[in-house]
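# Structural overview for review
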Amino acid sequence: MGAKILDGKLLAGQLKQQLQGAIEDLRNINRIVSVVSITVGSNTSSSSYLKSQKKIAQELGIQYQELNFSDAIRQGDFLNQIQQINQDHKVHGVIINKPLPNFIDYSVLVNHLDPIKDIEGLGERNLGRLLLGKSSLVPCTAAATLALLKSSDVILKGKEAVIIGRSEIVGKPVALLLLKQDMTVTICHSKTENLEEHIHRADIVVAAVGRKRFVQGAWIKPGAIVVDVGINEENGKIVGDVDFDSCQEKASFISPVPGGVGPVTAVMLMRNALEALKRSL
Ligand SMILES: NC(=O)c1ccc[n+]([C@@H]2O[C@H](COP(=O)([O-])OP(=O)(O)OC[C@H]3O[C@@H](n4cnc5c(N)ncnc54)[C@H](OP(=O)(O)O)[C@@H]3O)[C@@H](O)[C@H]2O)c1
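Residues numbered from 1 in each chain as written. Predicted model: local features only at pLDDT ≥ 70, side-chain atom pairs only at ≥ 80, totals over all residues.

### Things to note about the overall build of the protein
Put simply, the rule reads: The helix count covers DSSP runs of H or I at least four residues long, the strand count covers runs of E at least two residues long, and both are numbered beginning at the N terminus. Between the buried cut of 20 or more and the exposed cut of 12 or fewer other C-beta atoms within 10 Å of a residue's own C-beta lies the partly exposed class, and all C-beta atoms are placed from the backbone. Residues are treated as contacting if the C-beta atoms built from their backbones sit within 7 Å of each other.
When helices and strands are tallied, the protein shows ten helices and eleven strands. Its C-alpha atoms put the protein at 50 × 45 × 40 Å along the principal axes. In the protein, which comprises 281 residues, the proportion classed as buried is 43%. For the protein, the proportion of contacts with a sequence separation of at least 24, taken over those separated by at least 6, is 71%.

### Notes on the sheet that holds strand β2 (residues 34–40)
Our working definition: Any two strands with at least two DSSP bridges between them are considered paired. Axis lines are fitted to C-alpha atoms, over the contacting stretch for helices. Their N-to-C directions set the angle, which ranges from 0 to 180 degrees.
With parallel pairing, three strands are arranged side by side in an open sheet as β3-β2-β4. Each edge of the sheet is formed by a strand with only one pairing partner; in this case those strands are β3 (63–69) and β4 (93–96). Within this sheet the neighbouring strands show an average axis-to-axis angle of 20°, counted without direction. Note: β2 against β3, seven bridges, orientation parallel. The residue bridging Val 36 from the neighbouring strand is Gln 65, located in β3.

### Regarding the site of the ligand
Cut-off, in case you're wondering: Nearness here is judged by the C-beta atom: place it from the backbone, and if it falls within 6 Å of a molecule or strand, the residue counts as near that partner. Each residue is assigned to one of three groups, with Ala, Val, Leu, Ile, Met, Phe, Trp, Tyr, Cys and Pro labelled nonpolar, Asp, Glu, Lys and Arg labelled charged, and all others, Gly among them, labelled polar.
In the neighbourhood of the ligand, 26 residues make up the surrounding shell, with Gly 165, Ser 167, His 189, Ser 190 and Thr 265 lying closest. If you tally residues by element for the shell around the ligand, the top one is helix α10 (residues 261–280), at three residues. Of the residues in the shell around the ligand, the class split is ten nonpolar, twelve polar and four charged.

### Considerations on the sheet that holds strand β5 (residues 160–164)
Ordered by their spatial adjacency, six strands build an open sheet running β1-β11-β8-β7-β5-β6, and the pairing between neighbours is parallel. The sheet is open, and its two edges are formed by β1 (4–5) and β6 (184–188), each paired on a single side. Judged from the two bridges that link them, strand β8 (residues 225–228) and strand β11 (residues 253–254) form a sheet pairing that is parallel. Directly across from Ile 225, in β11, lies its bridge partner Phe 253.

### Some points on the environment of Arg 27
Residue position: Arg 27 is located in helix α1 (residues 8–28). Distance from Arg 27 to Asp 245, taken between C-alpha atoms, is 45 Å for residues 218 residues apart in sequence. Look past the residues within four positions of Arg 27 in its chain and what remains in contact with it is Ile 32 and Gly 61.

Purely geometric numbers; function is a separate question.
Listed below in structure tokens is the structure:
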């Protein structure tokens, strides 16, 4: 029997409904959640992340403004723009979209951002608070991964999780969130020896590798839950980091790509924007 699907679209719809009420309550007291999404250069309109940001903001009644800078912008000017946004009380959340020109240092930008407006949760202050187990704006993809896992209704406490990938944006924050759920967490990466053995031990596998169809069904323990964070392009289509067909035969639950982590991530971004407004009050 095949795995049950962890349906990201369904979960995103449910989460949106929960957010809608809170956003309306704030609107009734003249507080409108407002987000600025910064892009650089002219070739950004096709980004699916950008498209989903706009769509969800619109659906939720969140004010959304795209700020597009020339690809000749210098880092100093970029920092000045961020400073201005930091001081603008009408803006609650800021997204700094990639790609950026290679002479711009993303980490400098994101750490210049007021941590309360860092709705992607990728600045040192928010990541540090996450590490310490304190309340923070949690990186959206990691939050989406946990939300999808919880939607299975399987008890996570005490389970063995293996995360493939150790990036600051996905792998490490996912590990911290799962640890907070009292799971036993292993992070694997490109230098990990006997990767398949690690994966075979796991009750929960999170794939954030950036390699299409990397995780094979033969590596999966029967009944494991598999969350595929991957977004890879193949002939104009999006495919994940998991070989869906072989893995779904072994897993109890599996998230598809597209339609898994992606739709939930965009909602988590807007949930952070709402949280940012609340914290600013
Ligand atoms: N759904 C979403 O919302 C969302 C958001 C962000 C990213 N993504 C997708 O998630 C995936 C991961 O993104 P990322 O930003 O974390 O990527 P990344 O920064 O490139 O990190 C990839 C990780 O995978 C590890 N890795 C690479 N090859 C490996 C191998 N053969 N065996 C074991 N580990 C290996 C790397 O190890 P080293 O550290 O040793 O190099 C690294 O830690 C990508 O497909 C990306 O497009 C999705």
